[in-house]
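Residues per chain are reported as follows:
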Amino acid sequence: MTNAGELRRRTAELLAAYPPATTDRLGFLRARFDAGLAWVHYPEGLGGLGAPRSLQAVVDEELAAAGAPDNDPRRIGIGLGMAAPTVLRYGTDEQKARFLRPLWTGEEVWCQLFSEPGAGSDLAALGTRAVRDGEDWVVDGQKVWTSSAHLARWAILIARTDPDAPKHAGITYFICDMTDPGVEVRPLRQITGEAEFNEVFLTGVRIPDRHRLGEVGDGWRVAQTTLMNERVSIGGMRLPREGGMIGPVAKTWRERPDLRTHDLHQRLLKLWVEAEVSRLTAERLRQQLNAGQPGYEGSGMKLAFARLNQEISGLEVELRGEEGLLYDDWTMRRPELVDFTGRDAGYRYLRSKGNSIEGGTSEVLLNIVAERVLGLPAEPRTDKDVPWKDLAR
């Protein structure tokens, strides 16, 4: 069993062979992956050493102290947090060897082709079709709210392969090449002025069967791995005290006593405590991950993340008064990542509105928490056993 001392030794060897000061960034990241120090809990040969997940911090601390570059995890969050664990669990040996290394180093950006304009929050009702044609699948349909599609090389995609089966049973999971000529990415300009999301049109896109993840018709089960990891990556991120949205509000409160009122003070105290409770709960969730797979608790964390961001950003706008109504830049941009704390209060207020939609709507997550965490009776669902083609649309 690899221990902390062994990991420090391996990290020291990596730093000696590839000094960060004289090694190009990509070369260092590739060497780190090959040394098994990318994600130590992954198997050997796939960027890991089969070590306990909790020991990743040992490697990260040693590399940070040496000034080594990281893989810019915020920019490639969909690949790291969603695609990688799904490929690891359901991919073939060939798929793992092909996709995981350039995914981790950031050479290939990933996006997620799940949501559709016609399915709303009922993801299992999706209508994008995939039809078998020899060794390929031909895909036609439309996806929406796709972060990073304008940057992505690959996408995780779910499509309907059997319209005669009930909606959850007729779905298959694929890896889609975003450079295929049938893939068209169009920007969706948001209330912030940016277009970090996209809509994606798929017309005759050919996906080789070797890029299928899991069995035909088993895509819903495969997608659950993706979704659970997505919610953990959104709601369970590691933050310092006063990290995230609560930080700028607390900073303004301390620096601008002229803006303070008793009511705002009481509201800030309440939200500060809730943000700290959420942060510590996320830490507990990560410790749970060290022992195994993510559970449905990630849905609760994602719920709290959305609600807190919206309440905190609303308080910040009120605290700043007229200043809070200003907005720094309406330029139409297609950013590589979302920067909540690098912009002004107006941006945070507007952007946080999407937190209760992206990564699973709050309404759907409330059902998941009620039924699968708290064990409450499930809502009646009359369409579970009805063939998808017969559903009202």
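It should be noted that the structure appears before, not after, this text.
Here goes a summary of the coordinates provided. None of the values given here were measured: they were computed from a predicted structure. (Residues numbered from 1 in each chain as written. Predicted model: local features only at pLDDT ≥ 70, side-chain atom pairs only at ≥ 80, totals over all residues. Heavy atoms only, no water.)

### Considering helix α5 (residues 93–105)
Helix length check: α5, at 13 residues, gives a terminal C-alpha distance of 19 Å against a target of 18 Å (1.5 Å per residue), a fit within 8%. The largest bend in α5 comes to about 30 degrees, at F99, with the proline P102 one to four residues further on. Here α5 has its buried residues at Q95, K96, F99, L100, P102, L103, W104 and T105. Lining the buried residues of α5 we find α2 (25–34), α4 (77–90), β1 (110–113), β4 (154–160), β5 (171–177) and β8 (212–213). (Helix = DSSP H or I, 4+ residues; strand = E, 2+ residues; numbered from the N terminus. Expected span 1.5 Å × (residues − 1). Bend = angle between axes of the 7 residues up to and from the residue. Buried < 20%, exposed > 50% of the residue type's maximum accessible area, 1.4 Å probe, protein only. Contact = heavy atoms within 4.5 Å.)

### Points about the packing of α4 against α5
Each pair of packed helices can be summarised by the angle the axes make with each other and by the distance between the axes. Relative orientation of the contacting elements α4 and α5 amounts to 165 degrees, with a least axis distance of 10 Å. Looking at the two axes, α4 sits roughly antiparallel to α5. In terms of crossing hand, the pair formed by α4 and α5 is left-handed. Residues G79, L80, A83, A84, V87, L88 and Y90 of α4 touch α5, and the partners they reach there are Q95, K96, L100, L103 and W104. Grouping the amino acids of the contact of α4 with α5 by side-chain chemistry returns 9 nonpolar, 2 polar and 1 charged. (Axes fitted to C-alpha atoms, helices over the stretch in contact; angles between N-to-C directions. Parallel < 35°, antiparallel > 145°, perpendicular 65-115°, else oblique. Left-handed = near helix turned anticlockwise from the far one by under 90°. Nonpolar A, V, L, I, M, F, W, Y, C, P; charged D, E, K, R; others polar.)

### A short note on unusual backbone geometry
Unusually for a residue other than glycine, D72 sits at a positive phi of about 55 degrees. Among the structural elements, D72 can be located in the loop between α3 (56–65) and α4. Among the residues examined, D72 registers a relative accessible area of 28% and is labelled partly exposed. Even without a glycine there, the phi angle at W145 is positive, about 60 degrees.

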